[in-house]
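# Structural description and commentary
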Amino acid sequence: MEGALIARDRVGVQDFVLLDSHTSETAFLNNLRKRYQENLIYTYIGTLLVSVNPYKELDIYTVTQMQLYRGVNFFELPPHLYAIADNAYRVMCSEYNNHFILISGESGAGKTEASKKILQYYAVTCPTTEQLQIVRDRLLLSNPVLEAFGNAKTLRNDNSSRFGKYMDIQFDFKGEPVGGHILSYLIEKSRVVHQNHGERNFHIFYQLLEGGDKDLLCWLGLERNPQKYAYLIQGRCAKVFSINDKNDWKIVRKAFSIIDFTEKDIEHLFGIVASVLHLGNIQFEEDSNGHAIIRDGTQIKWISKVSRSSQIVSILQVLSPLNVDLAFYARDAVAKAIYGRTFTWLVNKINSSLANKDSTRKTVIGLLDIYGFEVLDTNSFEQFCINYCNEKLQQLLIEMTLKAEQEEYELEGIEWEPIPYFNNKIICDLVEQKHKGIISILDEECLRPGEATDLSFLEKLEEKVGDHAHFVTRKLADQKTRKSIDWVDFRLLHYAGEVTYCAVGSFSLTLFQVLCNSKNGIIRDCFLLSELDNRRRPETVATQFKNSLMSLIEILMSKEPSYVRCIKPNENKEPGKFDDYLIRHQVKYLGLMEHLRVRRAGFAYRRKYELFLQRYKSLCPATWPHWHGPAAEGVERLIKHIGYKPEEYKLGRTKIFIRFPKTLFATEDAFEFRKHLLGMVPLEACWRGALARKEAKKRTWAVQIIRKFINGFINRKKPLCPENMEFVRLVQYNYLMKLRDHIPKNVLDKSWLQPPSILEEVRVAAGFGRETLRGAIFRGKKEGYLQSINQPFMDTRLKMLIPTRCFQYVTPVIKYDRNGFKARDRLLVLTQSSAYVVEMAKIKQKIDYATLKGNGGSQCGTSLSHRIKKTFKIKSNHHPCPLNHVVEYPVYMLFGYLQGW
């Protein structure tokens, strides 16, 4: 990180903590813009990662990049998503504790992509086996399935997650991924029945129509044209050029088979998807009594067939006492209830396939991909829940950051100074406090006797929390504010700014009929009999969400945190465009300035003594080139020589803490100057140039050799010529090297290694005379060759030792000493009259055949063999077998020559 500071004027700083004006939002945006324009989309705030969506492919997610960040110190390389993932994994493995990575941001900011990149990083870099590969495939392919049923095209994002997702990846003690578990939060069920202009329903509906085969669609009673279905045409953009529904359908179908869905599960699941589309096409008319009736029963029949649930039909039939408006409302409520519960079933099904059956303790890394704080033109009840969730997560972030800072200060023995910050607990209490919070008031209104309306809920809010500093309605607002608030609205002052919520639609018709006897297994699992037997007061959606959020916070509080904040640079998804106004709002909503103030309240920079000394030791004569004492003393000597003032730094137990960025910048500038002064940069450049030239020369040589041998292979059948000479020589060499290991073990064996066709002369030479072969290979290449031809080695050397003898057989043997059995190389030489043991140019032993006596025949041979062995204590090199056998061969050969066998 320090090395990048030299270019800070052009590309900004890699860590916002190093900004001089850390309280200035303008300085924050300027630094973000500089980096974005250089395609540097990642920046740190301490250990928090800020990510700006580039809206284009960048070459920073390759396997090479993954290996580069694997096992590397967090600040050693430029900011990256892989650094966050690797740091969490390494600390988990070394300290055996649990971690989570919280990914948040607006729709279209890149949260889902960030989650995928982290999963891919673990899939590539973690150790694996064949069984673990199945787990990895299921973890990775759970994403396309969840995206198909939980993502949709919105105005801001073509693949927007319309639900919150928390995934635990489970690791064993060796750091291998062995399982997983997914929790989902608040799927946007309203999208099933209504989409704004320019938006689509969930992807799965379009994928089924576009990619499903003809027989499947025929069985489901569906047509390919999405314009035929009321639930798919409200946004008026069923076809989107950036989305390939047909290809996505294939991926989802493949994922189903790997995640262990049965054909029956898939049949029931698509039956429900088709039923929702048929539900949307049901039309009501008013009869003479003003009640809603269904004139055309075609859709009813299809629903009964494909969902195998006549109960849905019975639900629709009891709607007849309602007027037309309420009947449509009830129809949509049924569709939303079925789809919402089916999505929950889908998540549970994926969890069963990811579950690890081993009961041993696991460590986990959690990935939380959740909707960010947003302010829309009309903010509904669902948006209220989303922003409440972000309030809780912001509170968690500040608390855990402060806790981590305080723990580090205490660990290093540095006095903790209280940090002023905005505590949003007051807003969280306004929403969730028991009996007094907005959710409790909503519960009371939903469940009290009598008629409850949106306006009665608003009046109750004004009565109970009207005096709260962060709550405003039109009735309670001053003259200036009143103009911007409608009569059915209320406004909350969140940590990220003011948001006006519409109270209309806070109450919904509770519609739950007996679907537990359905023949569709999924619907039967979604609507349980136990729910009918439960006499407790049912929870509202708001309370359910609050309870699930509290449970999530408890999970996160038990883990070590890492944070990724995703930012959308513009509304049009254009690469390179940086919209200051839009980004300023997101910086505020994500609480980045607040986090930076907390992180910078103490010291801007901290580093281990060893790392700091290793980098800057050249700035002090006492520490350059080597410091032999403790690193802490070396750093102290170094900063005194540089001239740090006491208020600029603190020395902890293991780290140096620098308060101001300008102090670090001055140190880094001095280091760069020193590098040039010492000639380190030119030397490094020269060395790299030398290595590059050497490598280029090596490649050129390799190209020439390969061309030469390809040409030789093409011309291999021609007579020896410059074009094929090198190739033929190589073939000869390889053949001789192989021949060395395949020479026959005795003189009677006539089999030789079959040579290639172009070495036929070598084969002939091997079969009919070694001298010919030797002459062909060494003629003209051995100094004194002509003089040595007439003096054969075997005759010349042996005749010098044993003159006028007729040699019959010579073989190498091994002699063993009487004491210690030391092995010595010898030659056994057999003549017509005697046997000799020869060492180099010296006769060591001699036996005349006349002194040997025996009974003749094979008995004689065996007896004499034994006597020769006993006398010479020798072992033949020819046979790897016991001594009483190995000399039989040369001894029998001896008697064969002497007796004429």
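These figures come from a predicted structure and were not determined experimentally.

## Considerations on the overall build of the protein
Along the protein, the regular secondary structure elements total 36 helices and 22 strands. The proportion of buried residues among the 901 residues of the protein is 48%. Intrachain contacts of the protein at a sequence separation of at least 6 include 64% that bridge at least 24 residues.

## Some thoughts on the sheet that holds strand β11 (residues 471–473)
Here we have three strands laid out as an open sheet, ordered β11-β12-β13, and antiparallel in their pairing. Every other strand in the sheet has two partners, leaving β11 and β13 (497–502) as the edge strands with one partner each. Each strand axis lies, on average, 25° off the axis of its neighbour in the sheet, ignoring direction. In the sheet, β11 pairs with strand β12 (residues 489–494) via three bridges, with the strands oriented antiparallel.

## Re the nonpolar core
In this structure, I101, Y122, F149, F205 and F256 are the most contacted members of the largest nonpolar core, which totals 94 residues. Per-element tally for this core: the top contributor is helix α14 (residues 324–354), with 12 residues. Once you skip the residues sitting within four places of it in the chain, F256 turns out to touch V145, F149, F261, I266, L269, F270 and L346.

## Here we look at the UniProt feature "binding site: ATP" (unreviewed entry) in the protein
Here the UniProt feature "binding site: ATP" (unreviewed entry) sits at G105, E106, S107, G108, A109, G110, K111 and T112. Along the chain, the position of S107 falls in the loop between β3 (99–105) and α5 (111–125). In contact with S107, not counting residues within four places along its chain, are T154, R156, N157, S160, R162, E374 and K568. Its location among the elements puts G110 in the loop between β3 and α5. Excluding residues within four positions of it along the chain, G110 makes contact with N53 and C566.

## A few points about the packing of helix α15 (residues 381–412) against helix α22 (residues 541–557)
Running from N to C, α15 and α22 point in directions that differ by 20°, and their axes come no closer than 11 Å. Our classification of the angle between α15 and α22 gives roughly parallel. Two packed elements cross with a definite hand, and for α15 against α22 that hand is right-handed. Of the residues in α22, those in contact with F381, C385, Y388, C389, K392, L393, L396 and M400 of α15 are V541, A542, F545, K546, L549, M550, I553, L556 and M557. Across the contact of α15 with α22, the residue classes break down as 15 nonpolar, no polar and two charged.

## Brief notes about the pattern of salt bridges
Taken as a whole, this structure holds 26 salt bridges when the rule is applied. The salt bridge partner of K425 is D429, with a shortest N-O separation of 2.9 Å. On the criterion of helical spacing, the pair formed by K425 and D429 is a turn pair, its members being four residues apart in helix α16 (residues 425–432). Among the residues examined, D429 registers a relative accessible area of 24% and is labelled partly exposed. With its nearest N and O atoms 3.6 Å apart, the salt bridge here joins K844 to E839. Connected through salt bridges with shared partners, the residues R162, E188, R191 and E199 form a single ionic network.

## Structural notes on the pairing of strand β21 (residues 842–848)
Direction of pairing for strand β20 (residues 834–839) relative to β21: antiparallel, over a ladder of six bridges. Its bridge partner lying in β21, V838 is registered against I843. Hairpin connection, β20 to β21: the antiparallel pair is bridged by two residues, and M840 has positive phi, about 50°.

## What about a nonpolar patch on the surface?
Together, I706, I710, F713 and I714 make up a nonpolar patch on the protein surface, roughly 420 Å² of accessible area in all. Along the chain, I710 turns up in helix α28 (residues 680–714).

## Some thoughts on a positive patch on the surface
A grouping of K214, R224, K246 and K250 is seen on the molecular surface, where their side chains present a positively charged patch. Counting through the fold element by element, K214 comes out in helix α9 (residues 214–220).

## Brief notes about the packing of aromatic side chains
Applying the stated criterion across every chain yields a total of 24 aromatic pairs. Through a chain of ring-to-ring contacts, three or more aromatic side chains come together here, namely Y61, Y82, Y89, Y121, Y122 and F171. Positioned above the aromatic ring of Y206, the side-chain terminus of R200 is 4.0 Å from the ring centre. One residue, K349, lies across the ring of F261, its end atom 5.9 Å from the ring centre.

## Side note on the sheet that holds β3
Spatially, the seven strands line up as an open sheet ordered β1-β2-β14-β3-β10-β6-β7, and their pairing is mixed. Two strands lie at the open edges of the sheet, namely β1 (42–45) and β7 (177–185), each paired on one side alone. Neighbour-to-neighbour, the strand axes of this sheet turn through a mean angle of 20°, independent of strand direction. As defined by bridge partners, strand β2 (residues 48–52) adjoins strand β14 (residues 560–567) across four bridges and the pair is classed as parallel. Bridge assignment links S51 to a residue of β14, and that residue is C566.

## Here we look at unusual backbone geometry
Negative phi is the rule for most residues except glycine; trans is the rule for most peptide bonds. For Y55, which is not a glycine, the phi torsion comes out positive at approximately 55°. Relative accessible area serves as the criterion here: at 19%, Y55 is assigned to the buried category. We note that R236 has phi near 60°; this positive angle belongs to a residue other than glycine. As for its placement among the helices and strands, R236 is situated in the loop between α9 and α10 (245–258). Overall, the relative accessible area of 69% leaves R236 in the exposed class.

## Brief notes about a negative patch on the surface
Taken together, the side chains of E95, E407, E410 and E560 define an acidic patch exposed on the protein surface. Given a relative accessible area of 53%, E95 falls into the exposed group.

## What about the pairing of β20?
The element β20 is largely enclosed, with a buried count of five among its six residues. With four bridges connecting them, strand β19 (residues 823–831) and β20 associate as antiparallel partners. What sits directly across from L827, in β20, is V838.

## Overview of the side chain of D489
Following the sequence through the fold, D489 ends up in strand β12. No salt bridge is formed by the buried D489; its nearest oppositely charged neighbour, R491, is found at 7.2 Å. Beyond its immediate chain neighbours, meaning those up to four positions away, D489 contacts L458, T473, R474, T500, Y501, C502 and A503.

## Re the confidence of the model for the protein
Overall, the predicted model of the protein reaches an average pLDDT of 78, with 79% of residues at or above 70. Note on residues 508–517: pLDDT under 50 across the span, and 26 contacts to partners over four residues away in sequence or across chains. This model gives residues 876–901 a pLDDT under 50, and the stretch forms 57 contacts once residues within four places in sequence are excluded.

The rules behind each value
- Residues numbered from 1 in each chain as written.
- Predicted model: local features only at pLDDT ≥ 70, side-chain atom pairs only at ≥ 80, totals over all residues.
- Heavy atoms only, no water.
- Helix = DSSP H or I, 4+ residues; strand = E, 2+ residues; numbered from the N terminus.
- Buried < 20%, exposed > 50% of the residue type's maximum accessible area, 1.4 Å probe, protein only.
- Contact = heavy atoms within 4.5 Å.
- Pairing = 2+ DSSP bridges.
- Axes fitted to C-alpha atoms, helices over the stretch in contact; angles between N-to-C directions.
- Core = buried A, V, L, I, M, F, W, Y, C linked by side-chain atoms within 4.5 Å.
- UniProt positions renumbered as here; feature names shortened; annotations may be inferred.
- Parallel < 35°, antiparallel > 145°, perpendicular 65-115°, else oblique.
- Left-handed = near helix turned anticlockwise from the far one by under 90°.
- Nonpolar A, V, L, I, M, F, W, Y, C, P; charged D, E, K, R; others polar.
- Salt bridge = Lys/Arg side-chain N within 4 Å of Asp/Glu carboxyl O.
- Patch = residues over 30% accessible without salt bridge, like charges linked within 9 Å, V, L, I, M, F, W, Y side chains within 5 Å.
- Areas by Shrake-Rupley, 256 points an atom, 1.4 Å probe, with all protein chains shown as cover.
- Lys, Arg positive; Asp, Glu negative; His and termini not counted.
- Charge placed at Lys NZ, Arg CZ, Asp CG, Glu CD.
- Phe/Tyr/Trp six-rings, centres within 6.5 Å; stacked < 30°, edge-to-face > 60°.
- Lys NZ or Arg CZ within 6 Å of the ring centre and 35° of its normal.
- pLDDT = per-residue confidence, 0-100.

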